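Each chain is listed here by its residues.
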Amino acid sequence: MKKKLRTIFAWVLVSLFLQFGAYSFLENKVAKVLGPVAEAGPITKQLEATIPGTDFENVQVSYAKDYLAYTENGTLKIFNLKKEKMVFEKKAPANDNTMGVLNYQWLPDRDTLVYFYGKKNPNPVTYVTVPVDPVVPPATTPPKSTVPINPEDPNQKPNKQVEEEVKPKVPVQTKTVPKYGNPQITELYTLELPNSDEDTAPDDRFNQTINEFPAGGKIEEFVVSTSTNLIYLTIKNGSTERLMEIDVMKNVRTLNKTGETIDSMAASDRYGTLFITSKVGGTKQVISLGVGNRHTISKNANDRVIGVLDGKVYIGEVKNNVLVKIKSTEDRSEIKDNPSFQTEWEGSIPFNNVSTLIGSEGQIVIYSQQMANVITAGQLEEIPLLGEENYISDDGAELIQMKKSGTSTIVELKPLKD
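All values reported here derive from a predicted model rather than from experimental measurement.

## Let's talk about a nonpolar patch on the surface
Alright, step 1. Nonpolar side chains collect at one region of the surface, where Val125, Tyr127 and Tyr180 lie side by side and expose about 380 Å² of accessible area between them.
Alright, step 2. Assignment of secondary structure puts valine 125 in strand S8 (residues 125-131).
Alright, step 3. Exposure remark for valine 125: the relative accessible area of 32% places this residue in the partly exposed category.

And the structure:
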C-alpha cells in the first residue's frame, strides 16, 4: 500500500513540474508579444559609405543607423548607407526653391521620417457671393378715411380713422467679394523606410494640411513625443515667432504668448509635456506647457532646457556662454510651479554653437564640431571629433563623421564611445 502511495505521489509531482514548466513557457511567450523586451542598448554600427555630392545640410541618421537624411540644394534625400544607394528624393516645387521640404525629424524608435512640405497656394484668392443690405424706400401711407356716424346704430363707433402702412417690395441684392486664404499650403508627411536589406520603395504618406502655418515661416525647432503622438514646432516669420502643437487627431494649437520667443525646448517622452526656455520682454524663464496649463519651472534667467528622458527634466545653467551646472527635476503627469532640483553635474563647458541631447542611457551630450562632452553619472569625458563635419545620433550612441572627396562625401559611422 505504501509503495502505491509513493508511486502516486511521485507521478503527481512530475505532473506538477510539467504543468509549471508549460505555464512558464507560455507566460514568457505572451509577455514577449504584449511587451517586447527592450534592446540591451542603443543600436550602433561601424561602416563607411560614399555619397555623391558635397553640400549637405541638416544631416540626421535613422534609428537603426542604416539611413541618412539630408538636404542638398533644397532637395530632401534619403541614402541607404548599407547598400550605398539613394532611395528617396523630395524636391521643391517647380520654379520655387523657397519652399519644398521645410524641416524633418526621424522618430526615435523606428526608421520613419516626419517632414513638412510647403508649396504655393494656386488659389490664394477666391470669390464668394454675399447678400447686400438693401436700400429700403420709405413706406407710403394712404389718405385717412372717416366713417360717418349712424345715430340709429348703437354699435357704431364715432369717427373711426382707418390707417394702413403700405410696405414696398424690395428685391434681394447680392455682390461678389474676394476671400483671402493662406498663400502657402503646408503639408505634413510620414516617410516609412523598409529594412535596409530590402529593395522595397519607401512609403511616403500624406497626413494632413496645416492651414495655420504662416506663409514663409521657417521651422527653427522640431520635437516629437511618440508616446502621445504630439509634434511641437517653433516657427519664425520675420520678427514674430509661433509655438505650434499638432496632434494625431489633426488638431493644431498655438501655445506661445504674444511677443514670446523660444530659445530651446524638449518634449516629455512619457506625458507629452513641453518644456521651453521662454523670453517675454526682459523676462527669461523655463516654462512647462501641458494640456491647457502653463507652469514656471525656473525663474533663473541663466537656466535653459537641455532635454527630457526617463522621468527626468534636465536644465542647464549657462553664464557668459559657459555651461556651469546641470540640474534635474522629476517629469510628472501633473506639473507644479517651482519644483525642487537635484544637481547632476558642475563644471565648465563652452556653450557657444553647440548641440545638446540626452542619450538613451541617460548620458548628457554637449558637442560642437571639434569636441563631444559626455556626462555620465556626474563624470565628464571629452571626446575629440576628427571629421570635417561631425554629427551625433539622437540616442547619443553613434558618431557620424563626414569628409569631402572630390565631388563626393565619405561618411563614416562608428560608436561615439568604443
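From this point, things continue past the structure.
## Considering the pattern of salt bridges
Alright, step 1. Taken as a whole and judged by the stated rule, the model has 19 salt bridges.
Alright, step 2. Across the pair glutamate 260 and arginine 294 runs a salt bridge, and its minimum N-O distance is 3.0 Å. Remark: arginine 294 occurs in strand S21 (residues 294-298) and glutamate 260 occurs in strand S18 (residues 260-267); sequence separation between them is 34 residues.
Alright, step 3. For arginine 294, a relative accessible area of 27% corresponds to the partly exposed category.
Alright, step 4. Here glutamate 317 and lysine 319 are joined by a salt bridge, their closest N and O atoms 3.5 Å apart.

## Digging into the sheet that holds strand S14 (residues 218-225)
Alright, step 1. With respect to topology, 4 strands assemble into an open sheet ordered S14-S15-S16-S17, the strand pairing being antiparallel. A strand with exactly one partner marks an edge of an open sheet, and here the two such strands are S14 and strand S17 (252-254). When the angles between neighbouring strand axes are averaged without regard to direction, this sheet yields 20 degrees.
Alright, step 2. Looking at chain direction, strand S15 (residues 230-237) and strand S16 (residues 240-247) are connected through 8 bridges and run antiparallel. Each bridged residue has a counterpart across the sheet, and for asparagine 237 the counterpart in S16 is threonine 240.

## Looking at the pairing of strand S2 (residues 57-61)
Alright, step 1. Sheet analysis places S2 next to strand S3 (residues 67-72), joined by 3 bridges and oriented antiparallel. Bridging from a neighbouring strand, glutamate 57 pairs with threonine 71 of S3.
Alright, step 2. The hairpin formed by S2 and S3 contains 5 residues between the paired strands, and lysine 65 there has a positive phi angle of roughly 65 degrees.

## Some remarks on the packing of aromatic side chains
In this description, a pair of aromatic rings is defined by centroid distance and the angle of the planes.
Alright, step 1. Taken as a whole and assessed by the stated rule, the structure comprises 4 aromatic pairs.
Alright, step 2. Judged by centre distance (5.1 Å) and plane angle (5 degrees), the ring pair of tyrosine 115 and tyrosine 189 falls under stacked. Taken as a pair, tyrosine 115 in strand S7 (residues 112-120) and tyrosine 189 in strand S12 (residues 184-192) lie far apart in primary sequence, 74 residues in all. Take tyrosine 115 and tyrosine 189: they sit in the same class, and that class is buried.
Alright, step 3. Between the aromatic rings of tyrosine 189 and phenylalanine 206, the centroid separation amounts to 5.6 Å while the plane-to-plane angle is 70 degrees, which identifies the pairing as edge-to-face. Taken together, the positions of tyrosine 189 in strand S12 and phenylalanine 206 in strand S13 (residues 203-209) put the pair 17 residues apart, joining distant regions of the chain.
Alright, step 4. By the ring-pair criterion, three or more aromatic residues cluster together here, those being Tyr115, Tyr189 and Phe206.
Alright, step 5. Seen from the ring of tyrosine 117, lysine 90 lies directly overhead, with NZ or CZ sitting 4.9 Å from the centre.

## Structural notes on the sheet that holds strand S32 (residues 408-415)
Alright, step 1. Read from one edge of the open sheet, 4 strands run S1-S32-S31-S30, paired in antiparallel fashion. On the outer flanks of this sheet lie strand S1 (47-52) and strand S30 (389-392), each paired with one strand and no other. Between one strand axis and the next, the sheet turns through 20 degrees on average, direction left out of account.
Alright, step 2. Pairing geometry for S1 and S32, over 6 bridges, is antiparallel. By the bridge assignment, glutamate 48 is partnered in S32 with glutamate 412.

## Description of unusual backbone geometry
Note: most residues except glycine have negative phi, and most peptide bonds are trans.
Alright, step 1. For asparagine 229, which is not a glycine, the phi torsion comes out positive at approximately 55 degrees.
Alright, step 2. Here asparagine 229 lies in the loop between S14 and S15.
Alright, step 3. Its relative accessible area of 44% is what places asparagine 229 among the partly exposed residues.
Alright, step 4. Not every positive phi belongs to a glycine, and asparagine 338 is a case in point at roughly 50 degrees.
Alright, step 5. Residue placement: asparagine 338 occurs in the loop between strand S24 (322-330) and strand S25 (342-350).

## Thoughts on the pairing of S15
Alright, step 1. Within S15, 6 of the 8 residues are buried, which leaves the element mostly enclosed by the surrounding structure.
Alright, step 2. Where S14 folds back on S15, the antiparallel hairpin that results is connected by 4 residues, among which asparagine 229 adopts a positive phi of roughly 55 degrees.
Alright, step 3. Counted along the chain from S15 to the antiparallel partner S16, the turn is 2 residues long, and its residue glycine 238 has a positive phi close to 70 degrees.

## A closer look at the side chain of threonine 329
Alright, step 1. Turning to its location among the elements, threonine 329 is positioned in strand S24.
Alright, step 2. Overall, threonine 329 belongs to the buried group, its relative accessible area being 9%.
Alright, step 3. Only 2.9 Å separates the side chain of threonine 329 from the backbone oxygen of serine 340, close enough to count as a polar contact.

Cut-offs used in this document
- Residues numbered from 1 in each chain as written.
- Predicted model: local features only at pLDDT ≥ 70, side-chain atom pairs only at ≥ 80, totals over all residues.
- Heavy atoms only, no water.
- Patch = residues over 30% accessible without salt bridge, like charges linked within 9 Å, V, L, I, M, F, W, Y side chains within 5 Å.
- Areas by Shrake-Rupley, 256 points an atom, 1.4 Å probe, with all protein chains shown as cover.
- Salt bridge = Lys/Arg side-chain N within 4 Å of Asp/Glu carboxyl O.
- Helix = DSSP H or I, 4+ residues; strand = E, 2+ residues; numbered from the N terminus.
- Buried < 20%, exposed > 50% of the residue type's maximum accessible area, 1.4 Å probe, protein only.
- Pairing = 2+ DSSP bridges.
- Axes fitted to C-alpha atoms, helices over the stretch in contact; angles between N-to-C directions.
- Phe/Tyr/Trp six-rings, centres within 6.5 Å; stacked < 30°, edge-to-face > 60°.
- Lys NZ or Arg CZ within 6 Å of the ring centre and 35° of its normal.
- Polar contact = N/O pair within 3.5 Å; in protein donor to acceptor, adjacent residues only side chain to side chain.

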